[in-house]
Amino acid sequence: MTKLASYYVPGLYVEDFSIDVPLDWRGLEPATLAVGIGVRHGAFPDPIPGATESIKLFYRTLCAPEHAHDDLPLLVFLQGGPGGEGPRPTSPTADGWIAEAIKHFRVVLPDQRGTGRSSRVSGQTMARLAAACGADMAHGAGGTAAGTAMAAGKSAASAVRDNAGTEAEAATPPAKGTPAATAARAQADFLKRFLARSIVYDFEYLRLTAFGGRPWTTLGQSYGGFLTLTYLSLFPEGVAASFTCGGIPHVPASAAEVYAHTFPRMAAKTGQYYARYPEDAMRVAAVADRVAAGGVTLPDGSPLTVERLQLLGSDFGMKPSFERMHWLFDHAFEEGDGSVPTKDPAGLALSDGFLMSVLERTSTAANPLYWTLQEFIYADGMTKPIGWAAEHEKASRAAFGTSERPLLFIGEACFPWMFAQMPELKPFEAAVSLLMEDDQFDRIYDQVRLAANEVPLQAAVYFDDMYVDSGLQLDTLSRVGASHAWVTNEFEHDGLHGDAVFKHLFEEALNRGDLERALRSWR
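Residues numbered from 1 in each chain as written. Predicted model: local features only at pLDDT ≥ 70, side-chain atom pairs only at ≥ 80, totals over all residues. Heavy atoms only, no water.

Further remarks concern helix H11 (residues 352-362). Among all positions in H11, only Phe354, Leu355, Ser357, Val358, Leu359 and Thr362 are buried. The inward-facing, buried residues of H11 abut helix H8 (279-292), helix H9 (306-310), helix H10 (321-330) and helix H12 (369-372). (Buried < 20%, exposed > 50% of the residue type's maximum accessible area, 1.4 Å probe, protein only. Helix = DSSP H or I, 4+ residues; strand = E, 2+ residues; numbered from the N terminus. Contact = heavy atoms within 4.5 Å.)

To continue, consider the pattern of salt bridges. Under the defined criterion, the tally for this structure stands at 30 salt bridges. A salt bridge links aspartate 438 to arginine 185, with the nearest nitrogen and oxygen atoms 2.8 Å apart. With aspartate 438 in the loop between helix H15 (429-435) and helix H16 (447-451) and arginine 185 in helix H4 (residues 179-192), the pair connects residues that are 253 residues apart, well separated along the chain. Residues participating in the shared-partner salt-bridge network are Asp24, Arg26, Arg193 and Asp442. (Salt bridge = Lys/Arg side-chain N within 4 Å of Asp/Glu carboxyl O.)

Under the criterion given, the structure shown has 31 aromatic pairs. Between the aromatic rings of tyrosine 273 and phenylalanine 316, the centroid separation amounts to 5.5 Å while the plane-to-plane angle is 45°, which identifies the pairing as tilted. Of this pair, tyrosine 273 sits in helix H7 (residues 255-276) while phenylalanine 316 sits in the loop between H9 and H10, placing them 43 residues apart in sequence. Each member of the pair tyrosine 273 and phenylalanine 316 is classed as buried. Their ring planes at 20° and their centres at 6.1 Å tell us that phenylalanine 376 and phenylalanine 441 sit as a pair that is stacked. Highlighted residues: phenylalanine 376 in the loop between H12 and helix H13 (389-395) and phenylalanine 441 in the loop between H15 and H16, separated in sequence by 65 residues. The same class applies to phenylalanine 376 as to phenylalanine 441, namely buried. Ring pairing ties together the aromatic residues Tyr273, Tyr274, Tyr277, Phe316, Phe322, Phe329, Phe354 and Phe409, which thus form one cluster. Above the plane of the ring of phenylalanine 194 lies arginine 113, whose end atom (NZ or CZ) is 5.6 Å from the centre. It is lysine 192 that lies over the ring of phenylalanine 441; its NZ or CZ is 4.7 Å from the centre. (Phe/Tyr/Trp six-rings, centres within 6.5 Å; stacked < 30°, edge-to-face > 60°. Lys NZ or Arg CZ within 6 Å of the ring centre and 35° of its normal.)

What follows deals with the pairing of strand E11 (residues 239-245). Summarising burial for E11: seven of the seven residues are buried, a large majority. Across six bridges, the pairing between strand E10 (residues 216-221) and E11 is parallel. Note on E11: the bridge partner recorded for leucine 219 is phenylalanine 243. Once the chain exits E10 it traverses helix H6 (residues 223-234) before rejoining the sheet at E11, and the crossover so formed is right-handed. (Pairing = 2+ DSSP bridges. Right-handed = clockwise from strand over helix to strand, strands pointing away.)

Where helix H5 (residues 196-210) contacts H6, the axes come no closer than 9 Å and their chain directions differ by 65°. Classified by the angle their axes make, H5 and H6 are roughly perpendicular. Crossing handedness for the pair H5 and H6: right-handed. The residues of H6 that touch H5, namely those facing Ala196, Arg197, Ile199, Val200, Tyr201, Phe203, Glu204 and Arg207, are Tyr223, Leu227, Thr230, Tyr231 and Leu234. Residue composition of the contact of H5 with H6, grouped by class: nine nonpolar, one polar and three charged. (Axes fitted to C-alpha atoms, helices over the stretch in contact; angles between N-to-C directions. Parallel < 35°, antiparallel > 145°, perpendicular 65-115°, else oblique. Left-handed = near helix turned anticlockwise from the far one by under 90°. Nonpolar A, V, L, I, M, F, W, Y, C, P; charged D, E, K, R; others polar.)

By themselves these figures say nothing about function.
Dropping the structure here:
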């Protein structure tokens, strides 16, 4: 490991580090690599053109200033996502769980591979991979029905017609044998290295090399809960205790099953929003009608469509999302006093501030892996091709059509049109189209090992969670040994970021005797 810096922020002592990890863990094990044995077992994986053999894993540690030189138990934070970097706290209370955690632990905050200061994955990365295969990335990665040039060569495109009669453009993979096809395959294989199994292998290697192999406690938020079950499936000996918040995946995994449960919740959340702010139904409808008339462009040059407007519902699983949405639409209109106009929608002017807010709330330029990997976090080993699960679920529900009023919002679901329209996602379009057809991914869950699990697992299950269905979470927990669920409707999906949820879970585990190993002195 390399120590990069040490410093203080208010209430915290911070150290920054990085280590090298293999891009491709297949055939390698953290325990053997940690002692210098780097011989792969089994078939050597094909190299990915343009990709390096190793990548950087960045992590930082936090503790209370008075404990800077103490030997403390370890808690590693498994960030939500996919594609989310570790927290950047400005104080212990800036992210509520940290204030409680540093009373008991030294906190380890890794940037998962591909995010933050770990070797990043971005459109520039996709361009380098394509260039190594001789493909032209000059025009980005998006092929569309209109004939937009794909990053990996020209692509044909198919139109997925939704129930409202609108078209969502989706690129088809480039012709086999061309540089574009070679580039798309290389990009797709590269992206597979940034899913749960590789992330957990990184963390286990980090534990063994940087922290002397001592077991640590894991805290998983949202997708971090998915990583928790992967960790308990692969390396339970490395974990002293686990906490999860709104993040127990259904095992066996199925993207289609997830969206069948979450789309009704999206509709219910939208209904609750309109019930709370009735005038907003007319305000949103007026904006949607103007957008549907065409010609509305966001500040980054991408088109504002009704489908993109619906993405604003991604916030509905957090608090106080209804208020944030209300104030967003409060300044939607440019003219007069901002009241809902009665003129022809095509003549309405949307305010620059509103358009900037929509861009900021729907862009993933800072974390492009969020939408890129969104459906592939449900792929476990040999699987039926995912095939745009959310798109199929939406198309089966007429109420979510773009011409329906009141307009229903959508949360945490990705669609083909994103990769044709959003600049930060265009470079990923060809690769994602291939991945949607793939049926082979790394195994991430071991149901037999989970059933026999002996690592204490304390899970906060939010009863009304819009993103991770509570019923599916409880079904999985019923088949995971040593697990305990705290079911609550007091919090939304982001409850961990307040000051109550982690404190409650910690005290429950402590009083049950589940933290004896986790809090053991290491002196």
